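Fold and geometry: a report
Chain by chain, the residues:
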Amino acid sequence: MGEITKKELVLAVLASRSAPRLAGVDLSGMNLRALSLASADLRGADLRSADLTHTDLRSARLDNAQLIGASLRFSHLDNASFNGAITDGCDFSKARINGVSLSETQRERALGLPVDPAS
Amino acid sequence: MAELTRKDLVLALISAGEHPRLRRVDLSGLDMRGLSLDGADLTGANLQGSNLTNAHLSGAILQSADLRGCILEAADLTGANLEGAQLNGAVLVQTICRNADFSESDVSDANWKDADLEGAHLEKAIGFKG
């Protein structure tokens, strides 16, 4: 379970005047639904089984993050980066993913992604 | 012993802005794995024995910081300023040190295995065995 509470996270993000620094933080299993985490630095963060439904993650940095079993349903991911992120069982259903680049392996292991017309 | 816990630091960093101010803070022995400290001012900070594995420290100011025995494995120190820092016995295995400045720093017995030292300024470092 996460190393901070949702209340602590919400208050800290609220006080943030720039991109929230959440790299390497354990947020596993947390309910992060509909939070505004645009441009957040989530590199290497532990987001296993986190609920990020409807969350604003535009331009967020999710490189090397662990997203196993996370829900990104209906999330806003335009221009977010996922280099090296682990997406096994991560649900991207109805997410907005303009400008998002996922590797073949990431796509294969994720759920709910539209079929890539190029493949 | 560190004056902050990891949780204190995590919460402070979330809203810290572009240059977290951590000058002379005692962070010794602290678990700081993976944290985002890019651009942080850690001048004179005590990081002795801390664990900064996979931490992001690009552009950080670590002048005169105490990093003795610190674990910096696979950390990113790109462009960091470590002038006069103490790095005796530090672990810099697979650490990215591109364009980092180690002038006048003491790097005796540091482990640089597979570190990326491209453009790093080590010519004036003390005890460097390249």
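Counting restarts for each chain: residues are numbered from 1 in the order of the written sequence. Chains and ligands are labelled by the order in which they are written, letters from A for the one and numbers from 1 for the other. Whole-chain, interface and lining totals are the exception, using all residues; otherwise, since this is a predicted model, local features are given only for residues with pLDDT of at least 70 and side-chain atom pairs are given and counted only at 80 or more. Just so you know, side-chain values use all the structure's heavy atoms and leave hydrogens and water out.

The next thing to look at is the confidence of the model for chain B. Here chain B averages 96 in pLDDT, while 100% of its residues score no lower than 70. Model confidence for the complex is summarised by a pTM of 0.92, with the ipTM given as 0.88. Along the chain, pLDDT gives the predictor's confidence residue by residue, from 0 to 100.

The subject of this paragraph is helix α1 (residues 6–15) of chain A. Relative accessibility under 20% of the residue-type maximum defines a buried residue, over 50% an exposed one, and the middle range a partly exposed one, all with a 1.4 Å probe and only protein chains included. Think of it this way: any DSSP run of H or I at least four residues long counts as a helix, any run of E at least two long counts as a strand, and we number them from the N terminus. Listed in full, the buried residues belonging to α1 of chain A are Leu9, Ala12 and Val13 of chain A. Considered in projection along α1 of chain A, the buried side chains sweep an arc of 100° and stay on one side of the axis. Residues of α1 of chain A that are exposed and point more than 90 degrees away from the buried face comprise Lys7, Leu11 and Leu14 of chain A. Should any heavy atoms of two residues lie within 4.5 Å, those residues are considered in contact. If you follow the buried residues of α1 of chain A, they end up packed against α1 (6–14) of chain B. For this quantity, the arc is that covered by the directions from the helix axis to the C-beta atoms.

Glancing now at the packing of aromatic side chains. All names here are of chain B. Between the rings of Phe, Tyr and Trp (Trp by its six-membered ring), a pair exists once the centres lie within 6.5 Å; its type follows the angle of the planes, with under 30 degrees stacked, over 60 edge-to-face, and the other angles tilted. Taken as a whole and judged by the stated rule, the model has 3 aromatic pairs over all chains. Ring geometry for Phe102 against Trp112: centres 5.3 Å apart, planes inclined by 80°, an arrangement best described as edge-to-face. You can see Phe102 sitting in the segment after α1 and its partner Trp112 sitting in the segment after α1, a full 10 residues away along the chain. Centroid distance Trp112 to Phe128: 5.3 Å. Interplanar angle 90°. Geometry classified as edge-to-face. Taken together, the residues Trp112 in the segment after α1 and Phe128 in the segment after α1 connect sequence positions 16 residues apart. A relative accessible area of 13% means that Trp112 is categorised as buried.

As a further point, take the pattern of salt bridges. The salt bridge definition used is simple: a Lys or Arg side-chain nitrogen within 4 Å of an Asp or Glu carboxyl oxygen. Scanning the entire structure with this criterion turns up 15 salt bridges over all chains. Two residues, Asp46 of chain A and Arg48 of chain A, come together in a salt bridge whose shortest N-O distance is 2.7 Å. Of the residues examined, Arg48 of chain A reaches a relative accessible area of 38% and is grouped as partly exposed. Here Asp31 of chain B ties to Arg33 of chain B by a salt bridge, and the two come within 2.9 Å at their closest N and O atoms. Judged by relative accessible area, Asp31 of chain B falls into the partly exposed class, the value being 27%. Look at the salt bridges and you will find they share partners, linking Glu3 of chain A together with Arg6, Asp31 and Arg33 of chain B into a network.

Listed as interface residues are 18 residues of chain B and, on the opposing side, 18 residues of chain A. Buried area adds together the accessible area that both of two parts lose upon being put together, with accessible area traced by a 1.4 Å probe. For the pair chain B and chain A, the summed buried surface comes to about 1400 Å²; carbon and sulfur atoms form 51% of the total. The largest share of the area that chain B buries against chain A comes from Lys7, Ile14 and Ser36 of chain B, three residues that together contribute 38% of it. For the pair chain B and chain A, the number of links is 3 salt bridges. Note that Asp38 of chain B and Arg43 of chain A form a salt bridge whose closest N and O atoms lie 2.6 Å from each other. For the purposes of these results, a polar contact is taken to be a pair of N or O atoms within 3.5 Å, where, inside protein, one atom must be able to donate a hydrogen and its partner to accept one; residues adjacent in sequence count only when each atom of the pair is a side-chain atom. On inspection of chain B and its partner chain A, the count reaches 13 residue pairs in polar contact (both at pLDDT 80 or more).

A few words now on the environment of Thr105 of chain A. You can see Thr105 of chain A is positioned in helix α2 (residues 104–109). As a C-alpha pair, Thr105 of chain A and Ser71 of chain A span 34 residues in sequence and 18 Å in three-dimensional space.

Right, let's get into unusual backbone geometry. Backbone geometry at Asn64 of chain A places phi at a positive 60°, although glycine is not the residue there. Secondary-structure assignment places Asn64 of chain A in the loop between α1 and α2. With phi around 60°, Asp109 of chain B is a residue other than glycine that occupies positive phi space. Along the chain, the position of Asp109 of chain B falls in the segment after α1. On the basis of relative accessibility, which here comes to 66%, the residue Asp109 of chain B falls in the exposed class.

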